[in-house]
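# Summary of structural features
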Number of protein chains: 2
Amino acid sequence: DLIKGGFDASSGWLCVLFVGLAAGTVASVVDIGTTWMTDLKYGICPEAFWLDEEQCCWSSNETTFGANNCSQWLTWPQMLGVESEGAGSYILSYMFYVVWCLLFAGLAGMLVKTLAPYACGGGIPEIKTILSGFIIRGFLGKWTLIIKSIGIMLAVSAALNLGKEGPMVHIAVCIGNILSYMFPKYGRNEAKKREILSAAAAAGVSVAFGAPIGGVLFSLEEVSYYFPMKTLWRSFFCALIAAFVVRSIDPYGNEHSVLFYVEYNKPWMFVELIPFLFLGAVGGLIGTLFIRANIWWTRFKKNSKLGQYPITEVLLVTLATAIVGYPNPYTRMSSTRLIYLMFSQCGIANDDLLCDYNRNFTDVNSAVELAEAGPGVFQAVWLLSLALILKISLTIFTIGIKVPAGIYIPSLCMGAIVGRLVGIAMEQLAYNYPTFWGFSGECSANSDCITPGLYAMVGAAAVLGGITRMTVALVVIMFELTGGVRYIVPLMAAAMASKWVGDAFGKDGIYDAHIAFNDYPFLDNKEEFGHTTLAADVMEPKGAKTLSVLTQDSMTLEAVETILRETTHNGFPVVISRESQFLVGFVLRRDLLLAIGNAKRTQDGITGESLVIFSPTLPTQWVGPPPLKLRRILDLAPITITDQTPMETVIDMFRKLGLRQTLVTHNGRLLGVITKKDVVRHIKQMEDSREFYNLPFP
Amino acid sequence: DLIKGGFDASSGWLCVLFVGLAAGTVASVVDIGTTWMTDLKYGICPEAFWLDEEQCCWSSNETTFGANNCSQWLTWPQMLGVESEGAGSYILSYMFYVVWCLLFAGLAGMLVKTLAPYACGGGIPEIKTILSGFIIRGFLGKWTLIIKSIGIMLAVSAALNLGKEGPMVHIAVCIGNILSYMFPKYGRNEAKKREILSAAAAAGVSVAFGAPIGGVLFSLEEVSYYFPMKTLWRSFFCALIAAFVVRSIDPYGNEHSVLFYVEYNKPWMFVELIPFLFLGAVGGLIGTLFIRANIWWTRFKKNSKLGQYPITEVLLVTLATAIVGYPNPYTRMSSTRLIYLMFSQCGIANDDLLCDYNRNFTDVNSAVELAEAGPGVFQAVWLLSLALILKISLTIFTIGIKVPAGIYIPSLCMGAIVGRLVGIAMEQLAYNYPTFWGFSGECSANSDCITPGLYAMVGAAAVLGGITRMTVALVVIMFELTGGVRYIVPLMAAAMASKWVGDAFGKDGIYDAHIAFNDYPFLDNKEEFGHTTLAADVMEPKGAKTLSVLTQDSMTLEAVETILRETTHNGFPVVISRESQFLVGFVLRRDLLLAIGNAKRTQDGITGESLVIFSPTLPTQWVGPPPLKLRRILDLAPITITDQTPMETVIDMFRKLGLRQTLVTHNGRLLGVITKKDVVRHIKQMEDSREFYNLPFP
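Presented here is an overview of the structure given in this document.

Calculation rules
Residues numbered from 1 in each chain as written. Chains lettered and ligands numbered in written order. Predicted model: local features only at pLDDT ≥ 70, side-chain atom pairs only at ≥ 80, totals over all residues. Heavy atoms only, no water. Salt bridge = Lys/Arg side-chain N within 4 Å of Asp/Glu carboxyl O. Helix = DSSP H or I, 4+ residues; strand = E, 2+ residues; numbered from the N terminus. Buried < 20%, exposed > 50% of the residue type's maximum accessible area, 1.4 Å probe, protein only. Contact = heavy atoms within 4.5 Å. Buried area = accessible area lost by both parts, 1.4 Å probe. Polar contact = N/O pair within 3.5 Å; in protein donor to acceptor, adjacent residues only side chain to side chain. Least-squares fit on C-alpha atoms with pLDDT ≥ 70 in both. Disulfide = S-S within 2.5 Å. Pairing = 2+ DSSP bridges. Phe/Tyr/Trp six-rings, centres within 6.5 Å; stacked < 30°, edge-to-face > 60°. Axes fitted to C-alpha atoms, helices over the stretch in contact; angles between N-to-C directions. Left-handed = near helix turned anticlockwise from the far one by under 90°. Nonpolar A, V, L, I, M, F, W, Y, C, P; charged D, E, K, R; others polar. Parallel < 35°, antiparallel > 145°, perpendicular 65-115°, else oblique.

A separate point is the pattern of salt bridges. Across all of its chains, the model carries 22 salt bridges over all chains by this definition. Of the charged contacts in the structure, one is a salt bridge between A:Glu190 and A:Lys193, with a shortest N-O distance of 3.7 Å. In this pair, A:Glu190 and A:Lys193 are both assigned in helix α9 (residues 190-209), 3 residues apart and thus about one turn of the helix distant. For the salt bridge of B:Arg234 with B:Glu195, the shortest nitrogen-to-oxygen distance reads 3.7 Å. Highlighted residues: B:Arg234 in helix α11 (residues 229-249) and B:Glu195 in helix α9 (residues 190-209), separated in sequence by 39 residues. Of the two residues, B:Arg234 and B:Glu195, neither departs from the other in class, the shared state being buried. Each of A:Lys128, A:Glu222 and A:Asp512 takes part in a single network of salt bridges with overlapping partners.

Here you go:
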């Protein structure tokens, strides 16, 4: 018995342990697959086709010099015998690139369409809705898990503008859902299961980014509805295990344990807060515009014929992305590499166009001095501006096609470009006007004073903040991605500015916008309800209609079945008598149907005239067919409120207690019912009526 | 009107802005004062006594060589004309040190005792209780604020084993409380005010450590009871502003923007997880033993005569700390410096005993090779072991004396020593057995493979975790203190191990232990309630006693006043009639007393025979003196439950809705009342009965 108790007590920890292990393993496989397929677009390792470019060159012992310099790895033109320089080779490479992209994306789209329609998109809006108490059957099933894992590898390899964090969260939550059935305590109780799902969501972000703490906070701030301390600790443990597994399998090699590790740690100056806040505001603006455009496009698709040809849509978007993206080096490289490049410092080893400054490095450790930009920088600025426009417009169309797709990496990417551009501008400003009061003292000649990479980091946080409206989780994720603990104040300032500007122009983040667009029954727990309506104004029935109730000991089976037939309510209040309306309890439609069916099968003599009895004793004088005793399915503790309760309190109770309905009484007598749908509808009504007074500070 | 609405909407943000600004300013003043007074123990700057040693030497342009090498700064023996070498000088320094410590501590104790008794200790248990809905008058007043600010400077300067994070949180929450009265929306509503206090607590940690995100999470995980999204964002903003102010005033100089910044970023090896988990377990053990010893000592004091002489106690503890602490260099230096030293890498510039290895550095950037420990290291190990024992035993007595005192810095300090010792052991192990399988490949001769500073970091986290039982907040605070993002998995593993081991031996962290010790009415929201009792088992009245109720329109003023006199309940249910017991509403004792007093003064003809009317209309046939209409003070929407409600649900409602009482009904009739005290008592009873089955996994 003690052992059983111990198992019961530790089963929650055990369950999240398995979830963490499984999520880490799946993520590692996805990472390895993605790397291989990404390189497959450019060439192949003929001696061992299952190796990617880096590993192929490792095995040949000719390391170090990067792309195209290792004889074991052959690009497609080389495979076909075309020499590697010249127009022919370029066109062949271009063609192979486009064809592979179409192949990958088409395959992903086919798999999703035929095998697991729920595997498309990010999945976070649906997970939020599920965690708020709604059930979407099949959304967290094993087919979704398998297809989403394969689909995300294909979609990322197809060079589409999407990331894998949202899908990884969905995958981890699927794992959590499947594994929770191993533990009866969690598998059988929806509320308990949601605790496991919250922890799994944390593991998802943990493995997608190597950001375990960020994952916990993401689950807390963005995904979960109800997040008690116990769930916090479990999430922490689950994220830890998942991170540990990824670290052990080590798909990136050692150096990548921090995804976009930044080397610099120069302190920032006060005057730099102005561009940082500006970047925050721009990020909020880009985020809001992006959300609006994306929702507009989704709505347009839904109402037009295009929505009926998902595979065509996938192929069109991929074709456009591949054709437009290949010529520009900044759009051709993977988004992850681009972000890394934007964040990086122009040190001695960085030979990108972006680092073509008029300066000489004397040795590896010399400071990166302020210098005049060379022609390469100007070219890079033009290419980056172009890349930014392309990325923004293509991402709008990409998020929403029927392949697995996350929004984090594209957001970071856009933000990093914007930030780097502002950073370069600031740097040249400081070079040309070093005596300006804000720079004074810090930007004297030949000193290291503005770091454009830092601006890219702040910009990335700002756009991601504008799109998701996270704050704490955002800043922690940025830390864990970059290691830039010294820049906490700039990052926080940008996140706050981004959130404020974003909220001023459109209150919802992208997840909430999609929840609203899809009309999921999600009761937002972020907004305060500031109106003075009462429960009596919201409850059903209104006016002349009457409430469908059952009485505890005076209704025949026929009467009960009539009510079941004529209404669609999920449950019915049981009262002492129709005249007095004193509340006894609440019975669910499902339980009632089951119990009646059961009784008809197993109990003799049940007819339409049988009394349905919810009271503990039978009525004293009573003749007729044997009665149906249903007290055991009666919920004797329904949550009730009085008709004078302010809706503010009612909404609070729905949110915090996770109610589906509450009964409204007056002096002990039942008056009506308020369901979650009534509440959601009422909030929407009241908000619409307030639109005129919409103020930036929520 | 729109402007008023805007002000109303933004007043929350404005309030936390002011709180952040004020908290940042106070913290900076405290920091500057502490530095000055700490140095005052050793010497003075005769030309400008208000400068500390560093600034004194700055003003003389003879920087760089650290202590005792700047002619402007005179140690006390030098001031008295004694040459700075030799026994005489040492003894004089020693005496001055002890006297200054006694002076500072005595002054702090006097101030606390005479002016603000609530300013002693950390204050976090009380703040937790306040945030859970209890009111302690004067605890967050202006005198507490002023005395605590001065007291913490004095106490830290007195070289006692205490830190300033708890007091800084208390100070920030005082500021939040005082400033919230500027905004009627928050000052007048206790529940709203608690939102501001939660945000202020985040600012407190933010300024104490320069850890804004850690502060938000500390407020979330450890301090706050109810933490909605809105409070999360406000806390984030408040912590940001506070951190920004501290950064602007810059009490430490630029380099200290990250308090214990670690330079190394070598990846850790898998085999190192074993010592990390070991450190976690040791940390959990030390934490639990510390809590038990501290509570035991506090109880002993309470029941003995010693508790009546707080100043004597302060002086005794200070005397012991100063006398024992001075000879050992590791206890003489400030705890902050000691932690920094423990965390640091033995690089070329580090000439502490601890870094006396048999190795030569060729240049500044060469790797720190594995090397044999020299005699200095062994001496340091002995001194550190001694320091550890002293620190642990003295801290037990220090936490609880009547001066402001926080537990973080001492915990980090103990943990850092333990960790460093384990780290040195591991390092020598790796040096002597480089071929052991766990080290293989990584610890070849002359390579940099074990970083003892990292062990110190992990150990510090483990002990702090053992004492406070934080997880997420702990890891984020460790990041922000050290910048060691690469070590997230070791830190998380140690935090988890520490929490599990700690929980296995004693369920409460130090704050909860002190709450339990002081019997504060705190309803813990971390534990699940796993029993099957019903509301009917807990509600009052039990047995033959009857419930004190008022009727809505049939009681005379005299009868009401009799009930008020004969009971001490905080409020009374109002029913239709004593016979039917159908519930109408709930009225608070305070409102009832006020309304009756008011009516007697202002309304003519009120006598003991006047009817007290809670119904909207007067009873139809009625003669006698004018009635007292009290419907406006009646709460028409009291929270009710049925007698069959499981206590698990009831406790959930109390926690989440912050109830003080709930009314229990059966079929609409009032049966009884459950108050928060009843709930707390019931939980305690049920837990005590379960002690036998106490399992490590909660």
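With that settled, consider the interface of chain B and chain A. A common way to report how large an interface is uses the accessible area buried once the components associate. Across the contact, 79 residues belong to chain B and 79 residues belong to chain A. For the pair chain B and chain A, the two sides together bury roughly 7,800 Å², of which 71% comes from carbon and sulfur. Broken down residue by residue, the surface that chain B buries against chain A is led by B:Trp233, B:Phe236 and B:Arg486, which jointly contribute 9%. Our count for the chain B to chain A interface comes out at 0 salt bridges. Seen at the junction of chain B and chain A, the total is 10 residue pairs in polar contact (both at pLDDT 80 or more).

When chain B is fitted to chain A, the best match, at an RMSD of 0.2 Å, comes from turning it 180 degrees and sliding it 0.0 Å along the axis. Put plainly, the chains are arranged around a two-fold axis. When each C-alpha of chain B is compared by its distance to the rotation axis, B:Gly668 comes out closest, at 1.9 Å. Looking at chain B, 100% of its interface residues are interface residues in chain A too, so the copies touch through the same face.

Before going further, it helps to spend a moment on the state of the cysteines. Scanning all chains against the criterion turns up 0 disulfides over all chains. Not part of a disulfide, A:Cys238 finds its nearest cysteine sulfur in A:Cys15, a span of 8.4 Å.

Right, let's talk about the pairing of strand β11 (residues 669-675) of chain B for a bit. Where a strand is regular, its side chains alternate between the two sheet faces. Residue and element names in this part refer to chain B. Relative to β11, strand β10 (residues 661-666) runs antiparallel, the two being bridged by 6 bridges. Paired with valine 664 across the bridge in β11 is glycine 672. The hairpin formed by β10 and β11 contains 2 residues between the paired strands, and asparagine 667 there has a positive phi angle of roughly 50 degrees.

Okay, unusual backbone geometry next. Note that the residue after A:Glu540, namely A:Pro541, is joined by a cis bond; omega there is -5 degrees. In this structure, A:Pro541 sits in the loop between α22 (535-538) and β3 (550-551). Despite not being glycine, A:Ala159 has its phi angle at roughly 60 degrees, a positive value. Mapped onto the fold, A:Ala159 is located in the loop between α6 (142-157) and α7 (165-180). Classification of A:Ala159 by relative accessible area gives partly exposed; the value is 22%. Residue B:Gln581 is not a glycine yet carries a positive backbone phi of 60 degrees.

Attention now moves to the sheet that holds strand β8 (residues 628-629) of chain B. All names here are of chain B. Read across the sheet, 3 strands follow the order β4-β7-β8 without closing on themselves; strand pairing throughout is mixed. Two strands in the sheet have a free side with no partner beyond their single neighbour: β4 (555-556) and β8. Here 2 bridges tie β4 to strand β7 (residues 611-613), and the two strands are oriented antiparallel to one another. Its bridge partner lying in β7, methionine 555 is registered against valine 612.

What follows deals with the packing of aromatic side chains. Counted according to the given criterion, the structure contains 45 aromatic pairs over all chains. Taking 5.0 Å as the distance between ring centres and 55 degrees as the angle between the ring planes, the aromatic pair formed by A:Phe237 and B:Trp500 counts as tilted. Separated into two different chains, A:Phe237 in helix α11 (residues 229-249) and B:Trp500 in helix α20 (residues 488-505) make up a pair that spans both. The exposure class of A:Phe237 is buried, given its relative accessible area of 8%.

All names here are of chain B. One can describe the packing of helix α12 (residues 273-303) onto helix α18 (residues 452-468) by two numbers: an axis separation of 7 Å at closest approach and a directional angle of 35 degrees. α18 is crossed by α12, and the crossing has right-handed handedness. Counted together, Pro275, Phe276, Leu279, Gly280, Gly283, Gly284, Ile286, Gly287, Thr288, Phe290 and Ile291 of α12 and Leu454, Tyr455, Val458, Gly459, Ala462, Val463, Gly466 and Ile467 of α18 form the full contact between these two elements. Partitioned by chemical class, the residues of the contact of α12 with α18 number 12 nonpolar, 7 polar and no charged.

Residues and elements named next belong to chain B. By secondary structure assignment, the location of asparagine 161 is in the loop between α6 (142-157) and α7 (165-180). The buried category is assigned to asparagine 161, whose relative accessible area is 5%. Side chain to side chain, asparagine 161 and lysine 391 meet in a polar contact 3.3 Å long. In this structure asparagine 161 touches Thr321, Lys391, Leu394, Thr395, Thr398, Ile399 and Pro410, once residues within four positions along its chain are discounted.

Our next topic: the packing of helix α13 (residues 310-325) of chain B against helix α16 (residues 375-398) of chain B. Residue and element names in this part refer to chain B. For the pair α13 and α16, interaxial distance at closest approach is 10 Å and the crossing angle is 170 degrees. Taken together, α13 and α16 sit at an angle that is classed as roughly antiparallel. In this structure, α13 crosses over α16, and the sense of that crossing is left-handed. Residue-level contacts link Glu313, Val317, Ala320, Thr321 and Val324 of α13 to Leu390, Leu394, Phe397 and Thr398 of α16.

All names here are of chain B. Pairing within the open sheet is mixed, and its 3 strands lie in the order β3-β5-β6. Two strands in the sheet have a free side with no partner beyond their single neighbour: β3 (550-551) and β6 (583-588). Judged from the 5 bridges that link them, strand β5 (residues 571-575) and β6 form a sheet pairing that is antiparallel. The residue bridging phenylalanine 572 from the neighbouring strand is valine 587, located in β6. Together, β3, β5 and β6 form the strand contacts of helix α24 (residues 589-602), whose direction differs from that of β6 by roughly 75 degrees.

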